[in-house]
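Chain by chain, the residues run as shown.
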Amino acid sequence: MTEFLQHVVNGVSLGTIYALIALGYTMVYGVLKLINFAHGDVYMASAFAGFYVASALGVRDDPTIGKALLVFLGAMAAAAALGFAIERFAYRPLRDRPRLTALITAIGVSFLLEYGFQLPSLQAQGRTFEEVLRGWGWGVPGWLHALVGALPADFPPGPTPRFFPEPFTRVDWTVLGGVHVSNYDLVSFLVAVGFMLVLQWIVYRTRFGRAMRAVSFDPRVAGLMGIPVNRVISLTFVLGSVLAAVAALLVAGSRPRIDPIMGLMPGLKAFVAAVFGGIGNVPGAMLGGIVLGLAEEMVAGYMVSSFRDGIAFAILILVLLLRPEGLLGRVTVEKV
Amino acid sequence: MSGAGEPVLEARGVTMRFGGLTALGGFDLALRPGELVGLIGPNGAGKTTAFNALTGVYAPSEGEVRVCGQRANGLRPHRICALGVARTFQNVRLFKELTAFDNVRIACHAGSRSGFTSAWLLTPTHDAEERRIAERADAFLAVMELSHRRDELARNLPYGEQRRLEIARALATGPRVLCLDEPAAGMNASEKVALLELIRTVRDRFSLAILVIEHDMRLVLGVSERVLVLDHGVTIAHGRPEEVRRDPKVIEAYLGDGKLKLRPPRAGGGAG
Amino acid sequence: MGRARLVLRSVAPFLLSLPVLWLLQRASPPDVSIVLVSIAVNVILAVSLNVVNGFTGQFSIGHAAFMAVGAYTAALLTTGLADVQLLGLGEGASDGVIFLLALVAGMASASLAGLAVGIPSLRLRGDYLAIVTLGFGEIIRVVIENTRALGQATGISGLPAHTNVIWAGMGVVATVVMARRLLLSTQGRALLAIREDEVAAEAMGVDTVGWKVRAFVISAAFAGLAGALLVHKIQLVTPRMFTFVKSMEVVVMVVLGGMGSITGSIVAATVLTVALEWLRGLDQYRMVIFSMLLIVLMLTRPTGIFGTREIWEAVPRWLRRRGGAA
């Protein structure tokens, strides 16, 4: 029984993370009818952004709550900027094109981020930006120089993993006769749920949320009704990316190992969660995330643990074959 | 000429429900060989829904559809086509990037005896089939007076010709019943008259039963032998054109009951 | 036409290519030969994927998995029958026959895989179909990685080096002939109709699901051929050769060439193979450049180089009216 409860605790903990990431997929699919393949990589990039901020602030040697908050904000800001940029430059021009074109572009962006982050930084190559410029022989505009200067010397991080510093000391408790819970689990759960509640409020109780839902029903008509469709879509991307950043940081606390392809599996699983709950459906994504987290924990705990990743694929295929609209999704009938 | 023999297309109590909405309720139809029946009604009355239920695009929520006596509920559209029902669409659905010839040729393919393998091996059967299909396609293009457009891409055709091509394509499937969904939409008066004459000729030449959805009441009343009127999914009138035209329920459906008062225009101008 | 002439017309492309390929084989030093084989393999992959993505308008992004199935099947046969010598044939001829059997077996098993993936998936549309093909692709790869009999992650090595320019070239001829004859036939037009408007095609009597599955199976079979040919050149087969990235490479080739254009697939596959080879020296930057090119391509010219046009459509009409064969 304790073992079961432990799995439940772990599963819910894992599930909230998947839910946060899944929300990004589902919101973007809702407004753009696009599967944002690059979302998992925004999650990854936020983890690194947080890492760089933490390094700059010296969190490893002197962790404080203030610094932890700054790390959070830094990662969220980076994610927001990245999400915004991807939508603006890679997806918006393809708004009226067939969906396959946008899908392929999304895959391209995903690859770009994954492989881009695996490139060796100038620091790793033992060169400096000045050297490279001299080698090229031509001048570089001041803003570009400043931009490169602002980037961490260690960027891109290259394929070797980094280790996220602990934002606060880990404390473990044993409750209910044998179930292990740590303060990380608690904070993670509370923060995740908190953000989900905020999102729920935004989507269902604000004008912006209504605009989002209008755009997800029919972007053209929404535009004709005076809704600034482009702005709504941009903000949707920003929201989704920020949630991914939150997820990344919550994970980095307890699983500190970060590397450029860390977004692949969580991204895929979160996507499955979104589809399971009904892609485009916000409560569905949350539900899907929790269910997937629990399923994965149960399979890993009671069956073969190496099938942990496989369960996501299996659920995906089953859902798509049996009920493609997901648990809470609506069946759409094509008007002939 | 018309009305003899067993019905080629029947609907008994066909009902279509989408979620909570009943788009079509208790639709009945018995279409006999050679008949030309009109299906009219205001926008959103359920006419295309009825077509879709009859041609297998939707499976009826209730009721029965029969083609030449055979039960056709829940059959996929291509099977219903094989049974002898062909249709055109409200928004012309041609294969845009293909030529007029190809558009018609594809409709001839069902019933072709050669498959992939003979296509690859270039067997004599394949050659003979391709020749037969080509002749057939050319013949139907000629019937609809589109031979001069044979190698033109469907999307480059003028609108009226696109509609005729859609009919040629439907005819090429060798149907017993032809269902035309607003075939004259977007045409001017003389084009409409010419089209309907063409339809009558086609009916006679190929011994078809024809069901036409048409928005233009006067037009369809002039050419059909029988008319069904739908409103909000329900058949509100059924009979000969002269009777239907004078039916007060039909008039009300199209023009409203007069209770909605429009505000009189303001003295200084501006929309009322 | 007489019987003999008919048969001749049917096999003409193969007969005509044989001497050309033989000369090419003799004239190529080993390092050129391997590039030619790589090009051939990618051409087969691109043209076969085009049948599903281009002709039929479906989203299949798990093509590498069918390659894997064909590759492993053929590898098992050639390694298993390595010491077998067929009666009455010299060693070379015997090996040749066994290799042919292995290729055919590879195609057969790949088409079964295509059937297994296609039947459940092809009821789905667009994005969903893409995801399912991706999922199945990954599942097949993961299954291979966990099967001891297939060598798991290390794969099978020491495969006989049967593939040469002649074999690979004939594979290309077979694929291109298949695609072209299919495209020109009325059945092939049905696939195009499905791409153009599935609802209308279905209403005109085309069994859309059946044809989509058929296209999928054919495409998978030729992917299997490509896989089998490739591994018998590099003499090694591992699961890492058949990842999602490989599938995407083939998708890029098809999109770059123009979905629906056989000529386009051939040209794009050739160009991309050479480019990727040339970029190999750039190590990590290779994939970054590849992804940037992909994005730029999608943003600027998603219809590809050729769109849906073919090189033989440039031939004057009177030639075309003589009948659509060979």
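To be clear, the structure that these remarks concern was listed above.
Given the structure is predicted, the values throughout are model-derived calculations rather than measurements.

Enquirer: How should I be thinking about the overall build of chain C in this particular structure?
Expert: The number of helices and strands found in chain C is 13 helices and two strands. At 20 Å, chain C has a C-alpha radius of gyration in line with the 20 Å of a compact globule built from 326 residues. The dimensions of chain C, computed from C-alpha atoms along their principal axes, are 55 × 50 × 40 Å. Just so you have it, chain C exposes about 13,300 Å², and 66% of that area is on carbon and sulfur atoms.

Enquirer: Could you clarify how one ought to interpret the interface of chain B and chain C in this entry?
Expert: By a widespread convention, an interface's size corresponds to the accessible area lost as its parts come together. Each partner contributes to the interface: chain B provides 34 residues, whereas chain C provides 34 residues. Taken over both partners, the interface formed by chain B and chain C buries close to 3,100 Å², and the fraction arising from carbon and sulfur atoms is 64%. Where B:Asp127 meets C:Arg9, a salt bridge forms, and the shortest distance between an N and an O atom there is 2.5 Å. Among the secondary structure elements, those contributing two or more residues to the side of chain B that touches chain C are α2 (77–83), α3 (100–109), α4 (116–121), α5 (124–143) and α6 (159–172) of chain B. Across the side of chain B that touches chain C, the residue classes tally to 17 nonpolar, seven polar and ten charged.

Enquirer: Honestly, the environment of A:Val193 in this entry has me stumped. Any pointers?
Expert: Relative to the helices and strands, A:Val193 resides in helix α8 (residues 183–205). By relative accessible area, which is 27% here, A:Val193 ends up partly exposed.

Enquirer: Could you clarify how one ought to interpret helix α7 (residues 189–206) of chain B in this entry?
Expert: Residues three or four positions apart in an α-helix share a direction because the helix packs 3.6 residues into each turn. Residue and element names in this part refer to chain B. The terminal C-alpha atoms of α7, which comprises 18 residues, lie 26 Å apart, in line with the 26 Å expected from a rise of 1.5 Å per residue. Among the residues of α7, Lys192, Leu195, Leu196, Leu198, Ile199, Val202 and Arg203 are the ones counted as buried. Down the axis of α7, the buried side of the element spans an arc of 155 degrees, and every buried residue falls inside it. Relative to its buried face, α7 has exposed residues pointing more than 90 degrees away, namely Ser190, Val193 and Arg205. Considering only its buried residues, α7 is in contact with β3 (36–40), α5, α6, β7 (177–181), β8 (209–213) and α8 (217–223). Following α7 by one or two positions, Ser207 has its phi on the positive side, about 50 degrees.

Enquirer: Looking at this structure, how should I read the sheet that holds strand β1 (residues 9–18) of chain B?
Expert: Paired through backbone hydrogen bonds, the strands of a sheet run either parallel or antiparallel to each other. Residues and elements named next belong to chain B. The antiparallel open sheet is built from four strands, whose spatial order is β2-β1-β4-β5. For this open sheet the edge positions go to β2 (21–31) and β5 (70–71), each flanked by a neighbour on one side alone. Across the face of the sheet, helix α1 (residues 47–55) comes into contact with β1, β2 and β4 (62–67) while running at roughly 115 degrees to β1.

Enquirer: Just to check I follow, could you spell out the packing of aromatic side chains for this structure?
Expert: Describing an aromatic ring pair means giving the distance of the ring centres and the angle of the ring planes. For the coordinates displayed, the defined rule picks out 13 aromatic pairs over all chains. Where A:Tyr25 meets A:Phe271, the ring centres are 5.6 Å apart and the plane angle is 65 degrees; that geometry is what we call edge-to-face. With a gap of 246 residues between them, A:Tyr25 in helix α1 (residues 2–32) and A:Phe271 in helix α12 (residues 264–277) connect regions that are remote in the sequence. According to the relative accessible area criterion, A:Tyr25 is buried, its value standing at 5%. Consider the rings of A:Phe111 and C:Phe244, whose centres lie 6.0 Å apart with planes at 70 degrees: the pair is edge-to-face. Of the two residues, A:Phe111 is situated in helix α4 (residues 99–117) and C:Phe244 in helix α10 (residues 244–257); the pairing between them involves two chains. The buried category is assigned to A:Phe111, whose relative accessible area is 4%. Aromatic ring contacts, followed pair by pair, group A:Phe48, A:Phe51, A:Tyr52, A:Phe117 and A:Phe155 into a single cluster. Across from the ring centre of B:Phe95, 4.6 Å away, lies the NZ or CZ of B:Arg169, which sits over that ring. Sitting over the ring of C:Trp211, C:Arg214 keeps its end group 4.3 Å from the ring centre.

Enquirer: Teacher, can you tell me more about the nonpolar core here?
Expert: A general trend in soluble globular proteins is that nonpolar side chains are found buried together. Counting 240 residues, the largest nonpolar core has A:Phe37, A:Tyr91, B:Met144, B:Leu165, B:Leu178, C:Val237 and C:Phe242 as the members making the most contacts within it. Looking at this core element by element, the count peaks at 16 residues for helix α11 (residues 229–254) of chain A. The contact partners of B:Leu165, leaving out residues within four places of it in the chain, are B:Leu94, B:Ala100, B:Asn103, B:Val104, B:Leu141, B:Leu146, B:Ala154 and B:Leu157. Residues B:Leu9, B:Met16, B:Ala50 and B:Leu83 belong to the second largest nonpolar core, which totals 30 residues.

About the thresholds
- Residues numbered from 1 in each chain as written.
- Chains lettered and ligands numbered in written order.
- Predicted model: local features only at pLDDT ≥ 70, side-chain atom pairs only at ≥ 80, totals over all residues.
- Heavy atoms only, no water.
- Helix = DSSP H or I, 4+ residues; strand = E, 2+ residues; numbered from the N terminus.
- Rg over C-alpha atoms; globule rule 2.2 N^0.38 Å.
- Areas by Shrake-Rupley, 256 points an atom, 1.4 Å probe, with all protein chains shown as cover.
- Contact = heavy atoms within 4.5 Å.
- Buried area = accessible area lost by both parts, 1.4 Å probe.
- Salt bridge = Lys/Arg side-chain N within 4 Å of Asp/Glu carboxyl O.
- Nonpolar A, V, L, I, M, F, W, Y, C, P; charged D, E, K, R; others polar.
- Buried < 20%, exposed > 50% of the residue type's maximum accessible area, 1.4 Å probe, protein only.
- Expected span 1.5 Å × (residues − 1).
- Arc of directions from axis to C-beta.
- Pairing = 2+ DSSP bridges.
- Axes fitted to C-alpha atoms, helices over the stretch in contact; angles between N-to-C directions.
- Phe/Tyr/Trp six-rings, centres within 6.5 Å; stacked < 30°, edge-to-face > 60°.
- Lys NZ or Arg CZ within 6 Å of the ring centre and 35° of its normal.
- Core = buried A, V, L, I, M, F, W, Y, C linked by side-chain atoms within 4.5 Å.

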